[in-house]
Amino acid sequence: MAIKIGLIPGDGIGPEIVAEAEKVLLAAADKYGFTLDFEKLLLGGASIDATGLPLTEETVEKAKACEAVLMGSIGGDAKTSPWYQLPADKRPEAGLLGIRKALNLFANLRPAYLYDELKDACPLKPAMTENGFDMIIVRELTGGLYFGKRYTETVNGLRTAVDTLTYNEEEIRRIAVKAFDIAMKRRKKVTSVDKANVLDSSRLWRAVVEEVAADYPEVTLEHMLVDNCAMQLVMNPGQFDVILTENMFGDILSDEASMTTGSIGMLSSASLNETKFGLYEPSHGSAPDIAGKNIANPIATILSAAMMLRFSLDRDEAADAIEKAVEQVLKEGYRTADIWSEGCEKVSTDRMGSLIAERLR
Ligand code: NAD
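Residues numbered from 1 in each chain as written. Predicted model: local features only at pLDDT ≥ 70, side-chain atom pairs only at ≥ 80, totals over all residues. Heavy atoms only, no water.

### Structural notes on the domain arrangement of the chain
The following threshold applies: Residue ranges for the domains originate in an automatic or database domain assignment. As used here, buried area is the combined drop in accessible area, with a 1.4 Å probe, of two parts when they are placed together. When a carboxyl oxygen of Asp or Glu lies within 4 Å of a side-chain nitrogen of Lys or Arg, that pair is called a salt bridge. We define a polar contact as two N or O atoms separated by no more than 3.5 Å, with the added condition that, inside protein, one atom must be a possible hydrogen donor and the other a possible acceptor, whereas residues neighbouring each other in sequence contribute only through side-chain atom pairs. Runs of E in the DSSP output that reach at least two residues are strands. Runs of H or I that reach at least four are helices, and both are numbered from the N terminus. Any residue that is not Ala, Val, Leu, Ile, Met, Phe, Trp, Tyr, Cys, Pro, Asp, Glu, Lys or Arg is counted as polar, Gly included; the first ten are nonpolar and the last four charged.
Per the domain assignment, the segments of the chain are domain 1 (1-116 + 261-361) and domain 2 (123-258). The centre of domain 1, based on its C-alpha atoms, is set 25 Å off from the matching centre of domain 2. Carbon and sulfur atoms make up 59% of the area that domain 1 and domain 2 hide from each other, which totals about 2000 Å². At the surface where domain 1 touches domain 2, the tally comes to three salt bridges. Ionic pairing is found between R110 and D255, a salt bridge with its closest N-O pair at 3.0 Å. Joining domain 1 to domain 2, the criterion identifies 14 residue pairs in polar contact (both at pLDDT 80 or more). Secondary-structure elements contributing two or more residues to the side of domain 1 that touches domain 2 are β4 (107-113), β11 (268-272) and α9 (299-311). At seven residues, the largest contribution of residues to the side of domain 1 that touches domain 2 is made by β4. Considering only residue class, the side of domain 1 that touches domain 2 consists of twelve nonpolar, seven polar and five charged.

Structure representation (structure tokens):
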């Protein structure tokens, strides 16, 4: 039976990069003997243009009927696009927040991987990355400080702002389970990052993560304080496999980790809910400055498609093959403009997609 996949081309370079991911997914499906049935969904600016709203009930319902959704990116140039004349809750980004909420996507996955061929783009000293790195940050996305009660009041004549950081054990358990499940598909190591020397929420975090770890005897668990983790990410990134952490720490650490790879066009991401369902998208935005020029790097979206095969569809073999095909094409010296260097062949968005799809055949 065909596997139903939602495709959100979105805005800016979105349609160009999603088309290449679709091409690669079809090649993988052909090779590994499964059938994909794509359904195009509207979100963001494209949805505003078609319906007046950045997210419609129809898109939510259609997404829910899919096994996973692959997205390009949404949004336009805030200075010139008419979408940004609209009230905040009618702008493209409101659509993205809305769909994440509607689908209850509480686990955010951001891999950071250093390709041998792109080592020059890595801002770290070669000694720090001699053996490369390959990690995935699993960030809790719907709780913690960003979702706690907040207010500003005057106390004793002074303006005083309060934000609250709350986690209950169930919220911690479900994200920890995701991290351990992912570790089982990788090198079986989880580094849980917290601030347990100061925060109560972190002490509960640690206790619940320990409980979950008991169900995964094959996985090695270590705890690390967030300040130490921030240092270790630039000193010895190769030590990490799966980093599990709460919302705000994950927000900061995942940006830090992704910068160490040096190339925004290569970074995939996923947001998952309690089932196998996930929304997969590149970490970068819609790059309106290069939209329609056929020069965007489609690899982050193609790698997001590989993640979708692995984490939502359990097609690990096909996911591995896509990742190998990307590596192969880079080894052969093909580069889009954003990662191009002397001696390499510069290729367009669609040529890069075709090269990766061809390496799968
Ligand atoms: P951006 O990531 O779109 O672009 C930053 C820079 O990186 C630009 O110079 C761009 O050309 C380049 N770039 C990004 N992706 C690239 C790719 N695949 N290949 C080659 N170069 C690439 O960030 P921005 O300019 O701050 O945001 C543009 C729009 O994207 C905004 O509307 C923003 O809200 C939106 N955005 C959407 C998402 C999302 O859909 N999840 C995420 C971030 C930003």
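### Concerning the pairing of strand β12 (residues 278-282)
Defined as follows: Residue burial is assigned from relative accessible area. The probe radius is 1.4 Å, only protein chains are included, and a residue is buried under 20% of its type maximum, exposed over 50%, and partly exposed in between. We treat two strands as partners when DSSP finds at least two bridges between them.
Taking burial as the measure, the five residues of β12 include five buried ones, the bulk of the element. Neither face of β12 is open: one carries G278, Y280 and P282, the other L279 and E281, and all of them are buried. Two strands pair when backbone bridges link them, and β11 and β12 are joined in this way by five bridges, in the antiparallel orientation. Note on β12: the bridge partner recorded for S268 is P282. Linking two consecutive strands that pair antiparallel, namely β11 and β12, is a turn of five residues.

### Thoughts on the packing of helix α1 (residues 14-32) against helix α11 (residues 349-360)
What counts, and what does not: Note on geometry: axes are C-alpha line fits, over the in-contact stretch for helices, and angles between N-to-C directions span 0 to 180 degrees. Any angle from 65 to 115 degrees is called roughly perpendicular, while one under 35 is roughly parallel, one over 145 is roughly antiparallel, and all others are oblique. We call two residues in contact whenever any of their non-hydrogen atoms come within 4.5 Å of each other.
Interhelical geometry of α1 versus α11 gives an angle of 10° and a closest axis separation of 9 Å. In terms of their interaxial angle, α1 and α11 are classed as roughly parallel. On α11, the residues that touch E16, I17, E20, K23, V24, A27, A28 and K31 of α1 are T349, D350, G353, S354, I356, A357 and L360. For the contact of α1 with α11, the residue count by class is seven nonpolar, three polar and five charged.

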